[in-house]
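One-letter residues, chain by chain:
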Amino acid sequence: MSGPVVPGERNVLGGVLEPCGTDPVTGFFRDGHCSTGPEDRGSHTVCTVVSAEFLEMQRRLGNDLATPRPEYGFPGLAPGDRWCVVAVRWLQAYQAGVPAGVVLAATNARALEIVPLEALRSQAVDVPDDLSGLGEQPPGQAG
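Residues numbered from 1 in each chain as written. Predicted model: local features only at pLDDT ≥ 70, side-chain atom pairs only at ≥ 80, totals over all residues. Heavy atoms only, no water.

Asker: Sorry if this is basic, but what is going on with the sheet that holds strand E1 (residues 44-49) here?
Answerer: Sheet strands line up and pair through hydrogen bonds in the backbone, either parallel or antiparallel. Taken in spatial order, the three strands line up as E2-E1-E3 in an open sheet, and their pairing is antiparallel. Where the open sheet ends on each side, the last strands, each with one partner, are strand E2 (82-86) and strand E3 (101-102). Note: E1 against E2, five bridges, orientation antiparallel. The residue bridging His44 from the neighbouring strand is Val86, located in E2. Sheet strands touched by helix H2 (residues 87-95): E1, E2 and E3. Its angle to E2, the strand with the most contacts, is close to 95 degrees. (Pairing = 2+ DSSP bridges. Helix = DSSP H or I, 4+ residues; strand = E, 2+ residues; numbered from the N terminus. Contact = heavy atoms within 4.5 Å. Axes fitted to C-alpha atoms, helices over the stretch in contact; angles between N-to-C directions.)

Encoded structure:
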């Protein structure tokens, strides 16, 4: 299910920011995109595919993403859901060895202010048809 393009916002590959998720609807603005702006103090810019381990670590950090919060219109996440997470929280999980997968085409370029591109690429779960946007591949990237 593809959503509208967000004018002016780019992904970490330099292309147009693609939708992250609509079931449940994600994004700081709840528009399905990892869009950001001055009011998004947390930088909800990394489009992830969450795992049980990632959700558990977030819960331990005080960021319970699994429990439904109907008062905020939040259904709670399950493993496999796509969600725009705070860049610093994703980086913490990455550094602790329990990162969530990353959808590069739907991850906002603003995430690069916090997370190195190499870290995001190492957890990529989407591989675009046109690899020219990925830049140079590190040597020994096979298998």
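Asker: What is the right way to look at the state of the cysteines in this model?
Answerer: As used in these notes, a disulfide is a covalent bond between sulfur atoms, one from each of two cysteines. Across all of its chains, the model carries two disulfides by this definition. Shown here is the disulfide that connects Cys20 with Cys47, its sulfur atoms set 2.1 Å apart. The sign of the 90 degrees torsion about the S-S bond sets the Cys20-Cys47 disulfide as right-handed. Taken together, the positions of Cys20 in the segment before E1 and Cys47 in strand E1 put the pair 27 residues apart, joining distant regions of the chain. The same class applies to Cys20 and to Cys47, which are both buried. Bridging Cys34 to Cys84, the disulfide has an S-S length of 2.1 Å. Disulfide Cys34-Cys84: torsion about the S-S bond near -95 degrees, hence left-handed. (Disulfide = S-S within 2.5 Å. Buried < 20%, exposed > 50% of the residue type's maximum accessible area, 1.4 Å probe, protein only.)

Asker: Even after reading the chapter, I still don't get the packing of aromatic side chains, so can you show me in this structure?
Answerer: Any two aromatic rings considered together are summarised by their centre-to-centre distance and by the angle between their planes. What the rule picks out here adds up to three aromatic pairs. With a centroid separation of 5.3 Å and an interplanar angle of 65 degrees, the aromatic rings of Phe74 and Trp83 are classed as edge-to-face. In this pair, the class of Phe74 matches that of Trp83, namely buried. For the ring pair Trp90 and Tyr94, a centre distance of 5.2 Å and an interplane angle of 15 degrees mean the geometry is stacked. Residue Trp90 and its partner Tyr94 are both found in helix H2; the two are separated by four residues, about one turn of the helix. Residue classification places Tyr94 among the partly exposed residues on the basis of a relative accessible area of 31%. (Phe/Tyr/Trp six-rings, centres within 6.5 Å; stacked < 30°, edge-to-face > 60°.)

Asker: Looking at this structure, how should I read H2?
Answerer: Since there are 3.6 residues in each turn of an α-helix, residues three or four apart along the chain are aligned in direction. Within the sequence span of H2, burial applies to Ala87, Trp90, Leu91 and Ala93. The arc that holds the buried residues of H2, viewed along the axis, is 160 degrees, so those residues lie on one side. Buried residues along H2 sit in contact with E1, helix H1 (52-60), E2, E3 and helix H3 (117-122). Looking one or two residues beyond H2, the residue adopting positive phi is Gly97, at roughly 85 degrees. (Arc of directions from axis to C-beta.)

Asker: Just to check I follow, could you spell out the pattern of salt bridges for this structure?
Answerer: For side chains of opposite charge, pairing can occur when their charged atoms come near one another. Applying the stated rule across the entire model yields four salt bridges. In this structure, Glu56 engages Arg59 in a salt bridge whose closest nitrogen and oxygen atoms are separated by 2.5 Å. With Glu56 and Arg59 both in helix H1 and three residues apart, the pair spans about one turn of that helix. Note that Arg110 and Glu113 form a salt bridge whose closest N and O atoms lie 2.7 Å from each other. (Salt bridge = Lys/Arg side-chain N within 4 Å of Asp/Glu carboxyl O.)

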